[in-house]
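Observations on the three-dimensional arrangement
Okay, here's what each chain looks like letter by letter:
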Amino acid sequence: MTTNTWEPRSDNQVANNSVPGSPGAVPWSNAEVGAYWAKWIAKRDQVTGNYTGTTNQIIQWAACKWGMDENLLRAVAVQESDWHMSMVGDNCGVTGEASYGLFQIKNAYCNGGGAWGGYPYTAKDTALNADYYGAYLRSCLNGDFYDGSSWLYKGQSMAQIIAANGLDYAVWGCVGSWFSGNWYDSGAQNYISGVKGHLANKDWLKY
């Protein structure tokens, strides 16, 4: 882990030093999980947010924990929140019906139905927010959301996708799915293009 104390977002200080009292206290939603996503649940159960540091160190920690490229996560965080934990997106005007924090974890939809859950912890604990995103990306890349249907991977296993198109294609497909919920649809492709731009330019260094 880097010992560099560079912090471009001083407004994250409280959230950067906050961790959940216990992982079991975080109200994750099972509304869209399904019994066939047992491998995802197993990874979600490992999301603790048990780390404090600068925003940059927290992103690096989450990337290291889940075996993902740290600059990729830095670029995604630029796209999602400009590295502000205070960011609230997809806001329906009702507390909890929005997306929160560094990686914009959607808690619930505008009809009140559960999405990923986690609020209010995902809004106030930076490491938990980053940890969850890392877990999602790793689960997607491991094929944990494959159930034989056409959703997300279009009926293919992750092994088939990688064999046909390469690992890089699979990684970016997972990045795009976080935004659109689908595999390389138009929304995902636009989102991927934005993240790739931030990654190429290392836009977080311009804060």
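This report concerns the structure included in the present document. Because the structure is predicted, anything quoted here is derived from the model rather than measured.

**Remarks on the packing of aromatic side chains**
Considering all chains together, one arrives at 22 aromatic pairs under this definition. Note on W40 and Y136: the rings are 6.4 Å apart at their centroids and 80 degrees apart in plane angle, and the pair reads as edge-to-face. Of the two residues, W40 is situated in helix α2 (residues 38-44) and Y136 in helix α6 (residues 126-141); the sequence distance between them amounts to 96 residues. Residue classification places Y136 among the buried positions, given a relative accessible area of 2%. Ring centres 5.4 Å apart and planes at 35 degrees place the aromatic pair Y136 and F145 in the tilted group. The same class applies to Y136 and to F145, which are both buried. Over the aromatic face of Y207 sits the side chain of R9, whose NZ or CZ is 3.8 Å from the ring centroid. In this structure, K124 packs its charged tip against the face of Y121, placed 5.0 Å from the ring centre.

**Describing the pattern of salt bridges**
Tallying each qualifying case throughout the model produces 5 salt bridges. In this structure, the salt-bridge partner of K106 is D90, at a minimum N-O distance of 3.2 Å. Here the residue K106 occupies a position in strand β3 (residues 105-106), and D90 occupies one in the loop between β1 (88-89) and β2 (99-100), the gap between them amounting to 16 residues.

**Considering the packing of helix α3 (residues 55-66) against helix α4 (residues 70-81)**
For the pair α3 and α4, interaxial distance at closest approach is 8 Å and the crossing angle is 125 degrees. Relative to α4, the element α3 is oriented oblique. Between α3 and α4 lies a crossing whose hand is right-handed. Within the contact between the two elements, α3 uses N56, I59, Q60, A62 and A63 and α4 uses E70, L73, R74 and A77.

**Examining the state of the cysteines**
Here the structure, examined in full by the defined rule, presents 2 disulfides. Paired through a disulfide, C92 and C110 show a sulfur-sulfur distance of 1.8 Å. Judged by the sign of its S-S torsion, about -75 degrees, the bond between C92 and C110 is left-handed. On the criterion of sequence distance, the pair formed by C92 in the loop between β1 and β2 and C110 in the loop between β3 and α5 (121-124) is long-range, its members being 18 residues apart.

**Concerning the layout of surface pockets**
By volume, the largest pocket is sized at about 460 Å³. Broken down by secondary-structure element, the contributors of at least two residues to the lining of the largest pocket are α4 and α8 (167-180). Looking at the lining of the largest pocket element by element, the count peaks at 4 residues for α8. A class-by-class count of the residues in the lining of the largest pocket yields 9 nonpolar, 6 polar and 4 charged.

**Remarks on the environment of S186**
Inspection of the secondary structure puts S186 in helix α9 (residues 186-201). Between the C-alpha atoms of S186 and G21, which are 165 residues apart in sequence, the distance is 40 Å.

Parameters and conventions
Residues numbered from 1 in each chain as written. Predicted model: local features only at pLDDT ≥ 70, side-chain atom pairs only at ≥ 80, totals over all residues. Heavy atoms only, no water. Phe/Tyr/Trp six-rings, centres within 6.5 Å; stacked < 30°, edge-to-face > 60°. Helix = DSSP H or I, 4+ residues; strand = E, 2+ residues; numbered from the N terminus. Buried < 20%, exposed > 50% of the residue type's maximum accessible area, 1.4 Å probe, protein only. Lys NZ or Arg CZ within 6 Å of the ring centre and 35° of its normal. Salt bridge = Lys/Arg side-chain N within 4 Å of Asp/Glu carboxyl O. Axes fitted to C-alpha atoms, helices over the stretch in contact; angles between N-to-C directions. Parallel < 35°, antiparallel > 145°, perpendicular 65-115°, else oblique. Left-handed = near helix turned anticlockwise from the far one by under 90°. Contact = heavy atoms within 4.5 Å. Disulfide = S-S within 2.5 Å. 1 Å grid on protein atoms, 1.4 Å probe; cavity = no way out; pocket = protein on both sides within 12 Å on 5 of 7 lines; lining within 4 Å. Points joined across faces, edges and corners; volume = space filled by probe spheres on them. Nonpolar A, V, L, I, M, F, W, Y, C, P; charged D, E, K, R; others polar.

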